[in-house]
Amino acid sequence: MRDYLYTENLAVGYNGQPLIQDICLHLRRGEIMTLIGPNGSGKSTILRSVIRQISPLRGTVYLDGRPMDRMAALEVAKRLSVLMTDRIHPELMTCRDVAATGRYPYTGKLGLLTPPDWEKVDEALALVHGEELADRDFAQISDGQRQRVLLARALCQEPEVLVLDEPTSFLDIRYKLELLSILKDMVRRRKLAVLMSLHELDLAQKVSDCVACVHNHTIERCGAPEEIFTAGYILELYDAARGSYNPDFGCLELEPPAGTPQVFVIGGGGSGIPVYRRLQRQGVPFAAGVLHENDLDYPVSKALAAEVISEEAFSPIGETAFRLAAEKIARCAQVLCPPSTFGPMNEKNRLLRELAEQAGKLL
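Presented here is an overview of the structure given in this document. (Residues numbered from 1 in each chain as written. Predicted model: local features only at pLDDT ≥ 70, side-chain atom pairs only at ≥ 80, totals over all residues. Heavy atoms only, no water.)

### Regarding the overall build of the chain
Right, so step 1: Regarding its fold elements, the chain presents 13 helices and 17 strands.
Right, so step 2: Taking 21 Å as the expected radius of gyration for a compact globule of 363 residues, we find that the chain reaches 26 Å, considerably beyond that expectation.
Right, so step 3: Summarising its shape, the C-alpha atoms of the chain cover approximately 85 × 45 × 35 Å along the three principal directions.
Right, so step 4: Here the chain holds 363 residues, and 49% of them are scored as buried.
Right, so step 5: Of the contacts formed within the chain by residues at least 6 apart in sequence, a portion of 64% connects residues at least 24 apart.
Right, so step 6: Charged side chains of the chain number 41 positive and 48 negative; the gap between the two group centres comes to 2 Å. (Helix = DSSP H or I, 4+ residues; strand = E, 2+ residues; numbered from the N terminus. Rg over C-alpha atoms; globule rule 2.2 N^0.38 Å. Buried < 20%, exposed > 50% of the residue type's maximum accessible area, 1.4 Å probe, protein only. Contact = heavy atoms within 4.5 Å. Lys, Arg positive; Asp, Glu negative; His and termini not counted. Charge placed at Lys NZ, Arg CZ, Asp CG, Glu CD.)

What follows is the structure, given as structure tokens:
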């Protein structure tokens, strides 16, 4: 499948001064491309230049193989629709009326909607699960509901490309997941091409087919999520000097507490994660083990613990790891053991728990 929206040597900025240069983005129908990067890096400027709200300083944006600057505005509006962060404040309009404004490319000079146009409006509201909002005052609904109505307005244009700037801003977790799920469904069912920016790295990692990283006045990297979301690169992209990024869980972790471990945590199977984070919040340095290197607890413990005693994946805990853990327990004041049962591979963790209990250290 060929590229449907792409840029060639695009440079964007303000007052003749380039902010980002050499922008070469390639988006196919049925794909979501997400721009990520620090605040002020130029993500919104790129999007506004692509949709012609801002004139590019040089270069070309192509839509379906044609330069957009040579296409009539009405023709572009029938192929590309937009959902930006600008808040609109329509007076005395129902949600159905707001969604209906997306039909303007098809209404002719008088701007009158026909019965088939209203069918398209109702269909778009149904696609975003907004039927119950149709007759409500747009000014009286929540931010999440407004985003759904505005998405319906964009879908009313029957676009082939949808451009969104931070569509999940101001939304709670329910509406974030709902909006992105609707988008993903539209991409699959209607072969939409979606170009958007997101701040939420965990969501960008899960929803995107391609991720473009805006940094240092250029598109620094562009590729599949598994190529972009690595522990080292994400911190570099955001110039983060503290904490860590966990690519397996798609989450950020704070710095581990400084100092000699005071507590030893016998974890495993994800049971240790809330304990590690509680100790980190309390500023208590701790050691963790014995953890297999493929255990759910392992990446979080590596980020938050002062020391981690580990064993190779799929191997029973050996004598060396057991001895190191026992020595560490002897030097710690307290031991926490979230797991209540132990399998054959973790038998020595059960023995560590018994040692801690005999020493009066087990909490």
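### Observations regarding the state of the cysteines
Right, so step 1: Within the structure shown, the criterion is met by zero disulfides.
Right, so step 2: Note on Cys251: no disulfide assigned, nearest cysteine sulfur contributed by Cys213 at a separation of 18 Å.
Right, so step 3: The thiol of Cys337 is not disulfide-bonded; the next cysteine sulfur, from Cys332, is found 14 Å away. (Disulfide = S-S within 2.5 Å.)

### Thoughts on the side chain of Arg146
Right, so step 1: On the secondary structure map, Arg146 appears in helix H5 (residues 143–156).
Right, so step 2: Ignoring sequence-local partners within four residues, the contact set of Arg146 consists of Ile88, Phe138, Ala139, Gln140 and Ile141.

### Section: unusual backbone geometry
Right, so step 1: Geometrically, the link from Gly289 to Val290 is a cis peptide bond, its omega value of -20° lying close to zero.
Right, so step 2: Position of Val290 among the secondary structure elements: in strand S15 (residues 286–292).
Right, so step 3: You will see that Glu166, though not glycine, has its phi angle at about 50°, which is positive.
Right, so step 4: Looking at the secondary structure, you find Glu166 in the loop between strand S8 (161–165) and helix H6 (173–190).
Right, so step 5: The phi angle at Asp239 is positive, at roughly 50°, despite the residue not being glycine.
Right, so step 6: If you trace the backbone, Asp239 turns up in the loop between helix H9 (231–237) and strand S12 (244–246).
Right, so step 7: We classify Asp239 as exposed; its relative accessible area is 59%.

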